[in-house]
Amino acid sequence: MPHIVTIDGPSGSGKGTIASLVAEKLGWRTLDSGALYRLVGLAAERAGIAPDDVPALQKLAKNMDAVFRDGHVFLDNIDVTDAIRTEQAGNAASKIATIPEVREALLSWQQGYVREPGLVAEGRDMGTVIFPEARAKIFLTASAGKRAERRYKQLKEKGLDVNMESLVEEISMRDERDARRAVSPLKAAPDALLLDSSNMAVDEVVEKVLGYVKERIPGL
Ligand code: DC
């Protein structure tokens, strides 16, 4: 059976960066589940599907032509790696993520990522709903200020135009929506390791997570 490690947490907590680095060290695959929700949001916008047209969104989520290759994401053979990373795409993703039928449609996408020797899956409900059987679960947090700061840097590096004040507001609205929704809300699994990365360097977090994973999966 492939090993599974889950990393959940709010936006800007560093999940993506940490998941990639931990997976690289272990020689495992990663699942960026947020990218799937972002893709549905973008595909819906491009197809002109209304945000409340649940049957159409469900069909789209099931059948979308999405490919992850060499760090790039393609939708209908078009490179959308940058297009799905904007705050607008994040907000659209957070909204469609409240629809149970969309979450259900993305279940098989997510479970299809499991491969030998292992998978590091990151998102909001990886340890609670998608992979409750995971051997090691991490819930990564950071203060709201730090998360906004990190997000700001990330978006600036991508050459996107961002305003710190509106970013703080958008992040807190998105977290609120993700944590309060009825289905699969953002929350720590009861058996997750809680890690606050506010005052930790990336390397430190990676070391801590790897140490925990090795403790939970002896013989790695
Ligand atoms: O991790 P991210 O910022 O790329 O995720 C974008 C949105 O997708 C997030 O605000 C909520 C939704 N999401 C979700 O509901 N469940 C997941 N496992 C991952 C993301």
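Below or above, wherever it landed, is the structure these notes cover.

Calculation notes
Residues numbered from 1 in each chain as written. Predicted model: local features only at pLDDT ≥ 70, side-chain atom pairs only at ≥ 80, totals over all residues. Heavy atoms only, no water. Helix = DSSP H or I, 4+ residues; strand = E, 2+ residues; numbered from the N terminus. Rg over C-alpha atoms; globule rule 2.2 N^0.38 Å. Buried < 20%, exposed > 50% of the residue type's maximum accessible area, 1.4 Å probe, protein only. Contact = heavy atoms within 4.5 Å. Areas by Shrake-Rupley, 256 points an atom, 1.4 Å probe, with all protein chains shown as cover. Lys, Arg positive; Asp, Glu negative; His and termini not counted. Charge placed at Lys NZ, Arg CZ, Asp CG, Glu CD. Near = heavy atom within 4 Å. Polar contact = N/O pair within 3.5 Å; in protein donor to acceptor, adjacent residues only side chain to side chain. Pairing = 2+ DSSP bridges. Axes fitted to C-alpha atoms, helices over the stretch in contact; angles between N-to-C directions. Expected span 1.5 Å × (residues − 1). Arc of directions from axis to C-beta. Core = buried A, V, L, I, M, F, W, Y, C linked by side-chain atoms within 4.5 Å.

1. Looking at the overall build of the protein
- Within the protein, the secondary structure is distributed over nine helices and eight strands.
- By the compact-globule yardstick of 17 Å for 220 residues, the protein fits well, its C-alpha radius of gyration being 17 Å.
- The burial tally for the protein puts 46% of its 220 residues in the buried class.
- Within the protein, contacts between residues separated by at least 24 positions form 77% of all contacts whose residues are at least 6 apart in sequence.
- Carbon and sulfur atoms provide 51% of the accessible area of the protein, an area that totals close to 11,000 Å².
- Across the protein, the 30 positively charged side chains and the 33 negatively charged ones have centroids separated by 2 Å.

2. Some words on the site of the ligand
- Around the ligand there are 17 residues in total, and Arg38, Arg103, Arg124, Arg174 and Asp178 lie nearest to it.
- Measuring from an oxygen atom of the ligand, one finds a side-chain N or O atom of Arg103 at 2.8 Å.
- The side chain of Arg174 places a nitrogen or oxygen atom 2.7 Å from an oxygen atom of the ligand.
- Its free accessible area being 450 Å², the ligand has 98% of it covered by the protein chains.

3. Observations concerning the sheet that holds strand β7 (residues 136-141)
- A sheet is described by the order of its strands in space; here five strands give the open sequence β2-β6-β1-β7-β8, paired in parallel fashion. Looking at which strands have only one partner, the edges of the open sheet turn out to be β2 (29-32) and β8 (193-196). Sheet twist, expressed as the average angle between the axes of neighbouring strands with direction ignored, equals 20 degrees.
- Bridging between β2 and strand β6 (residues 118-123) involves four bridges; their strand directions are parallel. In the sheet register, Thr30 faces β6, and the bridge partner there is Val120.

4. Observations regarding helix α8 (residues 164-180)
- When the terminal C-alpha atoms of α8 are compared, their 24 Å separation across 17 residues agrees well with the 24 Å that a helix rising 1.5 Å per residue should span.
- For α8, the set of buried residues is Leu167, Ile171, Arg174, Asp175 and Asp178. The buried residues of α8 occupy an angular sector of 100 degrees when the element is viewed end-on, so they sit on one face. Those residues of α8 that are exposed and aimed more than 90 degrees away from the buried face are Glu165, Glu169 and Arg180.
- As for α8, its buried residues are in contact with α2 (33-47), α4 (87-96) and α7 (144-157).
- Its side-chain oxygen 3.0 Å from the backbone nitrogen of Glu165, Asn163 forms the N-cap of α8.

5. Concerning the nonpolar core
- Counting 34 residues, the largest nonpolar core has Leu31, Leu39, Val40, Met64, Val102, Leu106 and Phe131 as the members making the most contacts within it.
- Of all the secondary-structure elements, those providing two or more residues to this core are α2, α3 (54-63), β4 (72-75), α4, α5 (100-111), β6 and α6 (126-130).
- For Val102, the contacting residues outside a window of four places in its chain are Tyr37, Val40, Leu57, Gln58, Ala61 and Ile96.
- Val5, Ala23, Leu195 and Val206 belong to the second largest nonpolar core, which has 20 residues in total.

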